[in-house]
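# Structural features, examined
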Amino acid sequence: MASVKSSRSRAHAVTPSKGINKDTGTKLEENLNVFKSDNFDADAFVQSKCHSLNEKEIRQLCSYLLDLKRASAEEMRRSVYANYTAFIRTSKEISDLEGELSSMKNLLSTQATLIHGLAEGVHIDSLSDVAPESTSDSSPTDDVREPSDLEKWLMEFPDHLDVLLAERRVDEALLSLDEGDRIASEAKEKKTLGHAVLLSLQTAIAERRQKLADQLAEIACQPSTRGAELRAAISALKKLGDGPRAHSLLLNAHYQKYQFNMKNLRPSSTSYGGAYTAALSQLVFSGIAQAATDSLAIFGTEPAYTSELVMWSTKQTEAFALLVKRHALTSSAAAGGLRAAAECVQIALGHCSLLEARGLALCPVLLKLFRPSVEQALDANLKRIEESTAALAAADDWELTYPPSVTRTSGRPAGTIVGSTGAYQHKLSSSAHRFNLMVQDFFEDVGPLLSMQLGGKALEGLFQVFNTYVNTLVRALPGSMEDEASFEDSGNKIVRMAETEAQQIALLANASLLADELLPRAAMKLAPLANHKDDLQRRTSDRQSRHPEQREWKKRLVNSVDRLKDSFCQQHALDLIFTEEGDSHLTAEMYINMEGNADEIEWFPSLIFQELYVKLNRMSAIAADMFVGRERFAILLLMRLTETVILWLSQDQSFWDDIEEGPRPLGHLGLQQFYLDMKFVTCFASQGRYLSRNLLRVVNDIISKAMSAFAATGMDPYSVLPEDDWFTDIAQDAMERLSGKPKVANGERDLNSPTASVSAQSMSSVRSHGSY
């Protein structure tokens, strides 16, 4: 029992804790630090890593570097996105401040001109300079001078602009305003016009420019304005020098357009979430795409306008995400509909990703907003798997059957395994079949989880569900020694007991097949596709070339199964060693009390080791049918059970106290029987192919302790023990009689058989090294 606990503790020690995942980012950042140095020498780094590496180690290094590259790219992306909003906001504020400074400069310039004119006491002349008064000898019949072309233009210009504005002849009005600006600029430079006339001209231009800008803004705000007309109005407004206002009006026009179209989109509680998401995302992201196209065509790539476009697009994406969550995603997530929730996310990401060609990477915005809902659906889905499996375990008869006829999208039953020799099926009990089917469904639905960085959370959640199922299987073992407190969080504790050995081995078949084959293969859908041909070939040739997270995840699954295996072996070992009343079948008296009865002894292994051999044979036959294609697991199970019994003997201090310091010493007959029992164990373990190095070492230590106790009486143990062939013959005869196999013809055994040769070699090797 102590050996089982220690073995189980070792299994627990290698199981990663939840805290390990929290340190992954820190360890990864430390691994990347070497590449951040300004003095990093790539050649020296490669030489230091590859100086004495073989091909396999070089491949592992390449895989490690690729992982670092992907992690570095992801870290840079997250860093840029984390600060991008602040950058855009700052750029927008700087742009607005520059516009305000420009307006203030123009206002101050106008006020300075007016104040300067008033200070000089300038006399306001008429449009035509009046000629000096005639001298006393001037003729009173002189004619009035005709106005010049400039004077005529100045008088007609305001009215001409008013006509163009009234008739909405925008292009001609722009040309006239440009001409007015040119004439005013020349007049100011050459001083051909008085201050009052120049000021009057500038005021007329400013008033008509503002009136035209208002007309263009009104056009842009009309819902009926579409396409070319909108772009023409915005372009004209930009030419008037009011670019920020023009750009804002352009974005607002596109917003109003898709908002108007959304009025016909009426979600309801009975509507299909994917259809609603598809229709809504089509409207929103096509509107953003058209706005981005118009912005680039009219305003180019000027940072101020680009920043405003990004901020506006982000705002629209956030509003879209809230609508999807409210009308489609939340209900699916709350009900545990991971497939429906994932489909909504996938549809939205599909439309959103099309904007990347226009320089708008908005998918991170969606992922951030959708993540809580998908996490909720993920948790609810895992909870449903756990509860459904627990309910079935309460009525499971623990009889293994082939998978049900229900097939997955691959066209194969859910329990089908594809190997190098083709597809074959494994048997599971009803609850394990249901668990596997739900897990297969689960991994069919987790496509968007990788892009949302939820792959690790999905694996961790599924491990916890599997661990709960293993807890259920442990509680199905009669007389399980597991502490009931460890199952406080396991949910429904009702479970049908596995009474027979076949049912108990079925528990192990369920857990081992799920952990070794079915769950890891299903989880491979979370692994990214190969990026290039070499990587694809490497993945095809090496079944273990999974991501480190998935390899570690499989180890945790296997460790969880080891806990069930330990409980199984512990129970059966205790059934062998102890009676129902709690008395031990394996005591020192059974060897010490043999002295004086040599003539009556029929040399045969002790009863407890006979029962161990029979039990192992029986379990081996059962396991052969349950572990088809996975014989190694059956061998390891029998090896663990044999080790559990022998380790208990090795660590039973009361047994050794009686042998070494008891009132009666161990005699030569007892030593001979003890040696025979250990020889019998090594023979049948070797024959069954579960004679492990650890088992052989423990057997050697046990025999050494017994021989040392005998030698303490002053006698030579080697002088009283027969040759190894004698023990081997008795052990072989016992195995034949206990297994019901007929003896070899003429009473002779085949000494060249693998069993005989391996057993003789192992025991002879031990004696030749003085272990006995």
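The name given to the protein chain in an unreviewed UniProt entry is Exocyst complex component exo84b, with Datura stramonium as the source organism. We quote the UniProt Sequence similarities (unreviewed entry) comment for the protein chain here in full: "Belongs to the EXO84 family."

## A word on the overall build of the protein chain
Looking only at helices and strands, the protein chain has 29 helices and two strands in total. Looking at the protein chain residue by residue over its 772 residues, the buried ones come to 42%. For the protein chain, the exposed area adds up to about 41,500 Å²; of that, 53% sits on carbon and sulfur atoms.

## Things to note about the nonpolar core
Among the nonpolar cores identified, the biggest contains 150 residues, and Phe 370, Phe 609 and Phe 684 are the most heavily contacted of them. The greatest single-element share of this core, amounting to 13 residues, is contributed by helix α18 (residues 501-523). With sequence-adjacent residues up to four places away left out, Phe 684 is seen in contact with Phe 609, Leu 612, Tyr 613, Leu 616, Thr 642, Tyr 690 and Met 735. In terms of nonpolar packing, the next biggest core, distinct from the first, is built from 28 residues, Leu 198, Ile 205, Ala 220 and Ala 233 among them.

## Here's the deal with the packing of aromatic side chains
Considering all chains together, one arrives at 19 aromatic pairs under this definition. Between Phe 442 and Phe 443, the ring centres sit 5.2 Å apart and the planes meet at 80°, which makes this aromatic pair edge-to-face. A relative accessible area of 0% means that Phe 442 is categorised as buried. For Phe 443, a relative accessible area of 2% translates into the label buried. Relative to Phe 727, the ring of Trp 726 has its centre 4.9 Å away and its plane inclined at 85°; by these criteria the two rings are edge-to-face. Judged by relative accessible area, which is 27%, Trp 726 ranks as partly exposed. Take Phe 727: its relative accessible area is 0%, and that puts it in the buried class. Grouping aromatic residues by their ring pairs yields a cluster made of Tyr 591, Phe 655, Trp 656 and Phe 674. The ring of Phe 463 carries the charged tip of Arg 556 above its face, separated from the ring centre by 4.1 Å.

## Quick notes on the packing of helix α22 (residues 607-626) against helix α23 (residues 631-651)
Packed helices, taken two at a time, are described by their axes: the angle between them and the distance between them. Packing of α22 against α23 leaves a shortest axis separation of 10 Å and a crossing angle of 165°. Judged on the interaxial angle alone, α23 and α22 are roughly antiparallel. Considering the relative orientation of α22 and α23, their crossing is right-handed. Across the interface between the two elements, Phe 609, Leu 612, Lys 615, Leu 616, Met 619, Ser 620 and Ala 623 of α22 pack against Ala 634, Leu 638, Leu 641, Thr 642, Val 645, Ile 646 and Leu 649 of α23. Its residues assigned to classes, the contact of α22 with α23 comprises 11 nonpolar, two polar and one charged.

## Points about helix α11 (residues 273-299)
With 27 residues, α11 ought to run about 39 Å at 1.5 Å a step, and its terminal C-alpha atoms sit 38 Å apart, in line with that. Gly 300, located one to two residues past α11, shows a positive phi value of around 70°.

## A closer look at unusual backbone geometry
Of note in the backbone geometry, Trp 398 takes a positive phi value of approximately 60° without being a glycine. Along the chain, Trp 398 turns up in the loop between α14 (363-393) and β1 (416-419). Positive phi, close to 65°, is recorded for Arg 689, a residue that is not glycine.

## Focus: empty space enclosed by the protein
In total, this model carries two cavities of 30 Å³ or more according to the counting rule given. Each pocket or cavity is described by its volume, and for the largest cavity that value is around 50 Å³. Residue lining of the largest cavity: Glu 386, Thr 389, Ala 390, Phe 435, Val 465, Thr 468, Tyr 469 and Thr 472, and that is the complete set. Contributing elements (two or more residues each) for the lining of the largest cavity: α14 and α17 (455-475). The dominant element in the lining of the largest cavity, judged by the number of residues it contributes, is α17, at four residues.

## Concerning the packing of α22 against helix α28 (residues 724-739)
As a packed pair, α22 and α28 sit with axes 10 Å apart at the nearest point and diverge in direction by 55°. In terms of orientation, α22 and α28 fall into the oblique class. As for the relative orientation of α22 and α28, their crossing is right-handed in sense. Contacts between α22 and α28 involve Gln 610, Tyr 613, Val 614 and Asn 617 from the first element and Met 735, Leu 738 and Ser 739 from the second. Counted by class, the contact of α22 with α28 contains four nonpolar, three polar and no charged residues.

## A closer look at a negative patch on the surface
Together, Glu 589, Asp 657, Asp 658, Glu 660 and Glu 661 give the surface a local cluster of negative charge. With four residues, helix α24 (residues 653-661) is the single largest residue contributor to the negative patch. Classification of Glu 660 as partly exposed rests on a relative accessible area of 41%.

## Some remarks on the environment of Arg 618
In this structure, Arg 618 sits in helix α22. For Arg 618, a relative accessible area of 38% translates into the label partly exposed. Here the alpha-carbon distance between Arg 618 and Glu 501, two residues 117 residues apart in the chain, equals 8.8 Å. Only 2.6 Å separates the side chain of Arg 618 from the side chain of Glu 501, close enough to count as a polar contact.

## Quick notes on the environment of Val 628
Among the secondary structure elements, Val 628 is positioned in the loop between α22 and α23. Taking the C-alpha atoms as reference points, Val 628 and Lys 427, separated by 201 residues in sequence, lie 8.9 Å from one another.

## Re the pattern of salt bridges
For the structure shown, the criterion picks out 14 salt bridges. One salt bridge connects Arg 371 with Glu 375, and the closest N-O pair in it is separated by 3.2 Å. With a gap of four residues between them, Arg 371 and Glu 375 both fall in helix α14, about one helical turn apart. For Glu 375, a relative accessible area of 21% corresponds to the partly exposed category. As a salt-bridge pair, Asp 625 and Lys 427 come within 3.8 Å of each other at their nearest N and O atoms. Here Lys 427 lies in the loop between β2 (422-425) and α15 (430-444) and Asp 625 lies in helix α22, a separation of 198 residues in the sequence.

## Section: a nonpolar patch on the surface
A cluster of nonpolar side chains, contributed by Val 34, Phe 35, Phe 40, Tyr 64 and Leu 65, occupies part of the molecular surface with about 360 Å² of accessible area. Structurally, Phe 40 can be placed in the loop between α3 (24-36) and α4 (42-50). You can call Phe 40 partly exposed: its relative accessible area is 31%.

## Concerning the environment of Ile 219
Assignment of secondary structure puts Ile 219 in helix α8 (residues 195-221). Sequence-wise, Ile 219 and Ala 253 are 34 residues apart; in three dimensions their C-alpha atoms are separated by 10.0 Å.

Reading guide: rules and limits
Residues numbered from 1 in each chain as written. Predicted model: local features only at pLDDT ≥ 70, side-chain atom pairs only at ≥ 80, totals over all residues. Heavy atoms only, no water. UniProt positions renumbered as here; feature names shortened; annotations may be inferred. Helix = DSSP H or I, 4+ residues; strand = E, 2+ residues; numbered from the N terminus. Buried < 20%, exposed > 50% of the residue type's maximum accessible area, 1.4 Å probe, protein only. Areas by Shrake-Rupley, 256 points an atom, 1.4 Å probe, with all protein chains shown as cover. Core = buried A, V, L, I, M, F, W, Y, C linked by side-chain atoms within 4.5 Å. Contact = heavy atoms within 4.5 Å. Phe/Tyr/Trp six-rings, centres within 6.5 Å; stacked < 30°, edge-to-face > 60°. Lys NZ or Arg CZ within 6 Å of the ring centre and 35° of its normal. Axes fitted to C-alpha atoms, helices over the stretch in contact; angles between N-to-C directions. Parallel < 35°, antiparallel > 145°, perpendicular 65-115°, else oblique. Left-handed = near helix turned anticlockwise from the far one by under 90°. Nonpolar A, V, L, I, M, F, W, Y, C, P; charged D, E, K, R; others polar. Expected span 1.5 Å × (residues − 1). 1 Å grid on protein atoms, 1.4 Å probe; cavity = no way out; pocket = protein on both sides within 12 Å on 5 of 7 lines; lining within 4 Å. Points joined across faces, edges and corners; volume = space filled by probe spheres on them. Patch = residues over 30% accessible without salt bridge, like charges linked within 9 Å, V, L, I, M, F, W, Y side chains within 5 Å. Salt bridge = Lys/Arg side-chain N within 4 Å of Asp/Glu carboxyl O. Lys, Arg positive; Asp, Glu negative; His and termini not counted. Charge placed at Lys NZ, Arg CZ, Asp CG, Glu CD. Polar contact = N/O pair within 3.5 Å; in protein donor to acceptor, adjacent residues only side chain to side chain.

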